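The residues making up each chain are set out below.
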Protein chains: 2
Amino acid sequence: MAFLKVVSLEEAISIINSFRLEIGFEEVTLDKALGRIVAEDIYSPLDIPPFDRSTVDGYAVRAEDTFMASEANPVELKVIGEVHAGEQPSVKLSKGEAVYITTGSMMPENANAVIPFEDVEREGDIIRIYKPAYPGLGVMKKGTDIKKGQLLIRRGTKLTFKETALLSAAGFLKVKVFKKPKVAVISTGNEIVLPGEELRPGQIYDINGRAIVDAVNELGGEGIFVGIARDDRESLKKLILQALEVGDIIVISGGASGGIKDLTASVIEELGEVKVHGIAIQPGKPTIIGVINGKPVFGLPGYPTSCLTNFTLLVAPLLLRLLGREGKIKKVKAKIKHKVFSVKGRRQFLPVKLEGDVAVPILKGSGAVTSFVEADGFVEIPENVESLDEGEEVTVTLFSF
Amino acid sequence: MAFLKVVSLEEAISIINSFRLEIGFEEVTLDKALGRIVAEDIYSPLDIPPFDRSTVDGYAVRAEDTFMASEANPVELKVIGEVHAGEQPSVKLSKGEAVYITTGSMMPENANAVIPFEDVEREGDIIRIYKPAYPGLGVMKKGTDIKKGQLLIRRGTKLTFKETALLSAAGFLKVKVFKKPKVAVISTGNEIVLPGEELRPGQIYDINGRAIVDAVNELGGEGIFVGIARDDRESLKKLILQALEVGDIIVISGGASGGIKDLTASVIEELGEVKVHGIAIQPGKPTIIGVINGKPVFGLPGYPTSCLTNFTLLVAPLLLRLLGREGKIKKVKAKIKHKVFSVKGRRQFLPVKLEGDVAVPILKGSGAVTSFVEADGFVEIPENVESLDEGEEVTVTLFSF
């Protein structure tokens, strides 16, 4: 059974891309929308501002009435009323008239400019204007900020405070977002116990379960921890069946021991189909991709940094696709700090820590928890490359979602 | 009343720094910890690994028994038992003995090296070893990854999936985090209505309320929207009293109209004390800082970009301090895209959009919703500077928390 279906990374990704899952949508009110991912392009249902709006405190006028104004020969206009913010103006201007108006207020009919207070002299109902106002002075015209029908937010956008505020400004009470893909997570290994349990000799606490669940949460999915499977068929099968009930996607991280890897493939084959067993990358040899009842099942390496690397290469892109965020894996350019050697013919993913734009290789071994914590991402060393030189530019795929 | 207490930005910040608020702590289980902020330095309660651990599948040996091994004269050792992951070894080694061991398993007593399967020959109970093993080969020693008592996570760290995984690996079931500071948010203005309500002529939808609430949420606080105050004393007072009941901090964003600004200051003065009324920056003139019942009250400008700039300069640092994250306002270096003019004697904060490492000034005016949406942050133009030259290096304070 072992390594019967070793494929290239590209083949593995193409198999994953062929998975068709319908996660669906839901509507949430704006106060629950932060961090959610928009399910459709959103267009403005209104002009913003929705009316010609004064941008200063002053007097709304017909600009043409002021064209002759000068220091020597001020124009006099008659103030016929007031408009305050939030009101519909009750007056309309005729030649020679002005209206007192506050910032943000709706322009009265026939007015096309607002002269600031400080630029006029008022005496009773009369204001004196000493220089011409151009049409549009002190006015934000209807729809000049945002036009009705204009694209506001693209499908696949993760809502930050700016987008929720924009949706509010456009009058949306609710927004259609992707449902969170549910990822059911299983850790495996006789040596793994959960935090809070007593640690007996030979045991260690789980790291991958929490890491995958919370990485899924950060990506915009919903991580659900199912449990820790012992290194036996029945234990693993029971947890996979539970995972199928709660998850759209199942992710199993391997225990460190050898036997569990084949066990995982064998149980998946019993319940569904193993599509990939082993990917021609380092780390990734023990990685499994299968399908049970139409649900993708991933078996990832047990060592935390290897687990996270394969999660980032395989599971994260699937999640992002389901959320309309294809290709949103974060990458940055950096220079490698010192020469590192690889093996020709081996396609390696090297964990690195970023210090500014310098990528420092982490050579502690992927079994170390500290490698996992320090690694900001990984660098690919292709098959035909034997070493990366000091200062060589590399692309770092980030462990940051 | 108006602008009686205009101070410099530094004075305003120093007044804010003098506010003493106790927000307190709470314990949350790891599955609720993502995104929360750690309230104390966390040290490892155990060694990781907690025991000498095999890093390969193979045979645990006493290295000294293999020192004479060579291709010509292999050393023979007797296999006296097995250790699997998660077990406490039931055997201990004497001279000339070996134990079958799987990856991740606890080393048996007296063993100090693990020789991989593929490097030995086995015949019945006997293995043949063809080259010497050094002490430590194939072993991760107890505590070499993380030492008991080692600092794991600093106070003030925002927990990502990496830190929650690290806490899991160290056996923590719960983590002590800062309680979320509650920020009660009021919008003001007769023209402002909430999404979902009908928009009548002269009215616009609220933007600042949602923006501040969600910016607070992103910062790690809890934003609570209290409501929209009309431009009258009783309406504003009523909402401020409600805000004081639910919030540790109150943030009021001004309506666009002139009158409301003095109203806000006047109501704060009635209920408590106005400390600052106007900051010598642009935008920021109408900003108010007060205290009611020991709770900080901020009055921010109504224009969204101005509101957000003052929020970032004044409120965000206070929130971060309360969360042990002093100085964690995000800033990046950039080059200004084209020459921009300021006014000598005016300290200006210019909204900019980032395109790579280029900061593009947004000159649409801070009243535009699109300015707010496009602005990635702002650049300070000091009082004694009249212009920024094309390509000049600037520091952009980000609207991103």
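Because the structure is predicted, anything quoted here is derived from the model rather than measured. (Residues numbered from 1 in each chain as written. Chains lettered and ligands numbered in written order. Predicted model: local features only at pLDDT ≥ 70, side-chain atom pairs only at ≥ 80, totals over all residues. Heavy atoms only, no water.)

### Some remarks on the overall build of chain A
Inclusion rule: Working definition: helices are DSSP H or I runs of at least four residues, strands are E runs of at least two. Numbering for both runs from the N terminus. Just to be clear, the radius of gyration here is over C-alpha atoms, and the globule rule we use is 2.2 Å times residues to the power 0.38. Burial classes follow relative accessibility: with a 1.4 Å probe on protein chains only, a residue under 20% of its type's maximum area counts as buried, one over 50% as exposed, and anything between as partly exposed. Note on definitions: a residue-residue contact is assigned when non-hydrogen atoms from the two residues lie within 4.5 Å.
When you go through chain A residue by residue, the secondary structure sums to seven helices and 27 strands. Rg of the C-alpha trace for chain A: 32 Å, well past the compact-globule value of 21 Å for 401 residues, more than 25% over. Dimensions of chain A, computed from C-alpha atoms along their principal axes, come out at roughly 95 × 50 × 40 Å. The buried share of chain A, taken over its 401 residues, is 56%. Of the contacts made within chain A by residues no fewer than 6 positions apart, 70% connect residues no fewer than 24 positions apart.

### Focus: the environment of K335 of chain A
Residues and elements named next belong to chain A. Within the element layout of this structure, K335 appears in strand β21 (residues 331-336). Taking the C-alpha atoms as reference points, K335 and V360, 25 residues apart in sequence, are found 8.6 Å from one another. Filtering out sequence-adjacent residues up to four positions away, K335 remains in contact with D357, V358, A359, G391, E392 and E393.

### What to know about the side chain of S371 of chain A
Residue and element names in this part refer to chain A. Along the chain, S371 turns up in helix α7 (residues 369-374). Residue class for S371 comes out buried when judged on its relative accessible area of 1%. Excluding anything up to four places from it in sequence, S371 contacts T305, I362, K364 and G365.

### Things to note about the interface of chain B and chain A
Note the cut-off: Joining two parts hides part of their accessible area as seen by a 1.4 Å probe, and the buried area is that hidden amount summed over both. By definition, a salt bridge exists where a carboxyl oxygen of Asp or Glu is found within 4 Å of a side-chain nitrogen of Lys or Arg.
At the interface, 67 residues of chain B touch 67 residues of chain A. The largest share of the area that chain B buries against chain A comes from F161, K162 and R210 of chain B, three residues that together contribute 14% of it. Taken together, chain B and chain A are joined by two salt bridges. Note that R53 of chain A and E191 of chain B form a salt bridge whose closest N and O atoms lie 4.0 Å from each other.

### Thoughts on the relation of the copies chain B and chain A
We count it as follows: Only residues with pLDDT of at least 70 in both copies count here: their C-alpha atoms drive the least-squares fit that superposes the copies.
Rotating chain B by 180 degrees and moving it 0.0 Å along the rotation axis overlays it on chain A with an RMSD of 0.0 Å. Put plainly, the chains are arranged around a two-fold axis. It is G35 of chain B whose C-alpha, among those of chain B, lies nearest the rotation axis, at 5.8 Å.

### Some details on the pairing of strand β21 (residues 331-336) of chain B
Looking along a regular strand, one sees the side chains alternate between the two faces of the sheet. Residue and element names in this part refer to chain B. Worth spelling out the cut-off: Whether two strands pair depends on DSSP finding at least two bridges between them.
As defined by bridge partners, β21 adjoins strand β27 (residues 393-398) across five bridges and the pair is classed as antiparallel. Its bridge partner lying in β27, A334 is registered against V394. In terms of strand pairing, β21 meets strand β24 (residues 358-361) through two bridges, oriented parallel. Within the sheet, the bridge partner assigned to I336 lies in β24 and is A359.

### Some remarks on the packing of helix α1 (residues 9-17) of chain A against helix α6 (residues 304-322) of chain A
Residues and elements named next belong to chain A. How we decide: Angular values range over 0 to 180 degrees, each being the angle between N-to-C directions of two axes fitted as lines to C-alpha atoms, with helices fitted over their stretch in contact. Roughly parallel refers to an angle under 35 degrees, roughly antiparallel to one over 145, roughly perpendicular to one between 65 and 115, and oblique to any angle outside these ranges. Left-handed describes a crossing whose near helix is turned anticlockwise from the far helix through less than a right angle; right-handed describes the clockwise counterpart. Note on residue categories: nonpolar means Ala, Val, Leu, Ile, Met, Phe, Trp, Tyr, Cys or Pro, charged means Asp, Glu, Lys or Arg, and polar means any other residue, Gly included.
Viewed as axis vectors pointing N to C, α1 and α6 meet at an angle of 30 degrees, and their least axial separation amounts to 10 Å. Classified by the angle between their axes, α1 and α6 sit roughly parallel to one another. Of the two elements, α1 crosses α6, and the hand of that crossing is right-handed. For the pair α1 and α6, contact is made by L9, A12, I13, I16 and N17 and by L313, L314, L318 and R321, respectively. The residue makeup of the contact of α1 with α6, split by class, is seven nonpolar, one polar and one charged.

### What about the sheet that holds strand β24 (residues 358-361) of chain A?
Paired through backbone hydrogen bonds, the strands of a sheet run either parallel or antiparallel to each other. All names here are of chain A. One closed barrel accounts for five strands, arranged β21-β24-β23-β25-β27; its pairing is mixed. For this sheet the average axis-to-axis angle between neighbouring strands, irrespective of direction, equals 50 degrees. Across three bridges, the pairing between strand β25 (residues 377-381) and strand β27 (residues 393-398) is antiparallel. Note on β27: the bridge partner recorded for V379 is V396.

### Considering the domain arrangement of chain A
Interfaces are often sized by the amount of accessible area the parts lose when they come together. Worth spelling out the cut-off: In this document the domain limits rely on a domain assignment from an automatic tool or a database.
The domain boundaries assigned to chain A delineate domain 1 (9-24 + 179-322), domain 2 (26-45 + 159-178), domain 3 (53-140) and domain 4 (331-398). Measuring from the centre of the C-alpha atoms in domain 3 of chain A to the corresponding centre in domain 4 of chain A gives 66 Å.

### Things to note about the nonpolar core
Put simply, the test is: Note on terminology: a nonpolar core comprises buried Ala, Val, Leu, Ile, Met, Phe, Trp, Tyr and Cys residues joined through side-chain atoms within 4.5 Å.
Membership of the largest hydrophobic core comes to 67 residues, with the highest contact counts inside it found for V175 of chain A together with I249, I289, F298, F311 and L314 of chain B. With sequence-adjacent residues up to four places away left out, F298 of chain B is seen in contact with I16, I249, I250, V251, I252, I288, I289, L314, V315 and L318 of chain B. Of all hydrophobic cores here, the second largest spans 66 residues; its members include V193, V276, A375 and F399 of chain A.

### With respect to unusual backbone geometry
Note that the residue after Q282 of chain A, namely P283 of chain A, is joined by a cis bond; omega there is 0 degrees. Inspection of the secondary structure assignment puts P283 of chain A in the loop between β18 (273-277) and β19 (288-292). The phi angle at N110 of chain B is positive, at roughly 75 degrees, despite the residue not being glycine. Here N110 of chain B is to be found in the loop between β6 (97-101) and β7 (113-116). Residue classification places N110 of chain B among the partly exposed positions, given a relative accessible area of 43%. Even without being a glycine, N293 of chain B presents a positive backbone phi close to 50 degrees. Looking at the element boundaries, N293 of chain B is found in the loop between β19 (288-292) and β20 (295-300).

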